[in-house]
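Next come the chains, spelled out residue by residue.
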Amino acid sequence: MTSISSPLSAENKKIVTDCLQGALIDLIDLSLEGKQAHWNVIGRHFRPIHLHLDEIVDLARESSDLVAERAVALGANPDGRPGTVARDSHVTRVDSGYIEDGKVIAIFTDVLESIVRRMRERIEATETTDPVTQDLLIGITRDLEKHHWMMQAQR
């Protein structure tokens, strides 16, 4: 069986791949919770929130693929299976059924804030262990922070 080698030391690889796995879980769950809210948002501001959630979902899906592929490039196996995401996610769950637009804004402001906080921790952890991964995480975090700002502005 072929294996993928890594330019990182075993210790640094563990740190980096743990950061990537955590980011993958956050991003996959953000895309799932975003779609749930997208389908069920109601209220006077339905349309802009409905469309904004699609932008967040697109970012999360594209970014999760980049994160997973970075892990594989380092010789790790990303795990985005539903059971893993359900077990390991720290993303707040969206209620079932219709959700008022103001509640969606509040939930996603908090969700994005918590993901950004964890991403910044990962950025710090990868600063010396793998600047290439750090660069990837910085770019994703920049985009998440933009959406966090936009959600806050709708309050």
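Before reading on, note that the structure itself is shown above.
Because the structure is a prediction, the values reported are computed rather than measured.

## Observations regarding the packing of helix H2 (residues 46–73) against helix H5 (residues 131–153)
Each pair of packed helices gets described by two things: the angle between the helix axes and the distance between those axes.
Link 1 in the chain: One can describe the packing of H2 onto H5 by two numbers: an axis separation of 11 Å at closest approach and a directional angle of 170°. With respect to their mutual orientation, H2 and H5 come out roughly antiparallel. Contacts from His52, Leu53, Glu55, Ile56, Leu59, Ser63, Leu66, Val67 and Arg70 of H2 reach H5 at Val132, Thr133, Leu136, Ile140, Asp143, Leu144, His147, Met150 and Met151.
Link 2 in the chain: Of the residues belonging to the contact of H2 with H5, the class tally is eleven nonpolar, four polar and three charged.

## Topic: the side chain of Asp29
Link 1 in the chain: Assignment of secondary structure puts Asp29 in helix H1 (residues 10–40).
Link 2 in the chain: Among the polar contacts made by the side chain of Asp29, one reaches the side chain of Ser89 at a distance of 2.4 Å.
Link 3 in the chain: Leaving out residues up to four positions away in the same chain, Asp29 has contacts with Val85, Ser89, Val91 and Arg93.

## Details of the environment of Arg118
Link 1 in the chain: The residue Arg118 is located in helix H4 (residues 101–125) in this model.
Link 2 in the chain: Residue class for Arg118 comes out buried when judged on its relative accessible area of 9%.
Link 3 in the chain: Along the chain, Arg118 and Arg44 lie 74 residues apart, while their C-alpha atoms are 32 Å from each other.
Link 4 in the chain: Non-local contacts of Arg118, meaning those with residues more than four positions away in its chain, are made with Asp26, His90 and Val91.

## Details of the pattern of salt bridges
Link 1 in the chain: Scanning the model with the defined rule gives 14 salt bridges in all.
Link 2 in the chain: Ionic pairing is found between Asp18 and Lys14, a salt bridge with its closest N-O pair at 2.7 Å. Within this pair, Asp18 and its partner Lys14 are both found in helix H1, separated by four residues, close to a single helical turn.
Link 3 in the chain: Classification of Asp18 by relative accessible area gives partly exposed; the value is 42%.
Link 4 in the chain: Arg93 is paired through a salt bridge with Glu33; the nearest N and O atoms lie 3.0 Å apart. Highlighted residues: Arg93 in the loop between helix H3 (82–88) and strand S2 (99–100) and Glu33 in helix H1, separated in sequence by 60 residues.
Link 5 in the chain: Among the residues examined, Arg93 registers a relative accessible area of 40% and is labelled partly exposed.
Link 6 in the chain: Here Glu33 falls in the buried class, since its relative accessible area comes to 9%.
Link 7 in the chain: If you follow the salt bridges from partner to partner, you end up with Asp26, Arg118 and Arg122 in one network.

## Here we look at the nonpolar core
Link 1 in the chain: Within the largest apolar cluster, 40 residues are counted, with the highest numbers of intra-cluster contacts made by Leu30, Val67, Val104, Phe108 and Leu144.
Link 2 in the chain: Contributions of two or more residues to this core are made by H1, H2, H4 and H5.
Link 3 in the chain: Considering every element that reaches this core, the biggest residue donor is H4, with ten residues.

## Focus on the packing of H2 against H4
Link 1 in the chain: Across the interface, H2 lies against H4 with an axial gap of 10 Å and an inter-helix angle of 25°. In this view, H2 runs roughly parallel relative to H4, as classed from their interaxial angle. Where H2 crosses over H4, the handedness of that crossing is left-handed. Between H2 and H4, the residues in contact are Phe46, Ile49, Leu53 and Ile56 and Asp101, Val104, Ile105, Phe108 and Leu112, respectively.
Link 2 in the chain: Tallied by class, residues from the contact of H2 with H4 come to eight nonpolar, no polar and one charged.

Criteria and thresholds
- Residues numbered from 1 in each chain as written.
- Predicted model: local features only at pLDDT ≥ 70, side-chain atom pairs only at ≥ 80, totals over all residues.
- Heavy atoms only, no water.
- Axes fitted to C-alpha atoms, helices over the stretch in contact; angles between N-to-C directions.
- Helix = DSSP H or I, 4+ residues; strand = E, 2+ residues; numbered from the N terminus.
- Parallel < 35°, antiparallel > 145°, perpendicular 65-115°, else oblique.
- Contact = heavy atoms within 4.5 Å.
- Nonpolar A, V, L, I, M, F, W, Y, C, P; charged D, E, K, R; others polar.
- Polar contact = N/O pair within 3.5 Å; in protein donor to acceptor, adjacent residues only side chain to side chain.
- Buried < 20%, exposed > 50% of the residue type's maximum accessible area, 1.4 Å probe, protein only.
- Salt bridge = Lys/Arg side-chain N within 4 Å of Asp/Glu carboxyl O.
- Core = buried A, V, L, I, M, F, W, Y, C linked by side-chain atoms within 4.5 Å.
- Left-handed = near helix turned anticlockwise from the far one by under 90°.

Purely spatial values, then, with no claim about function.
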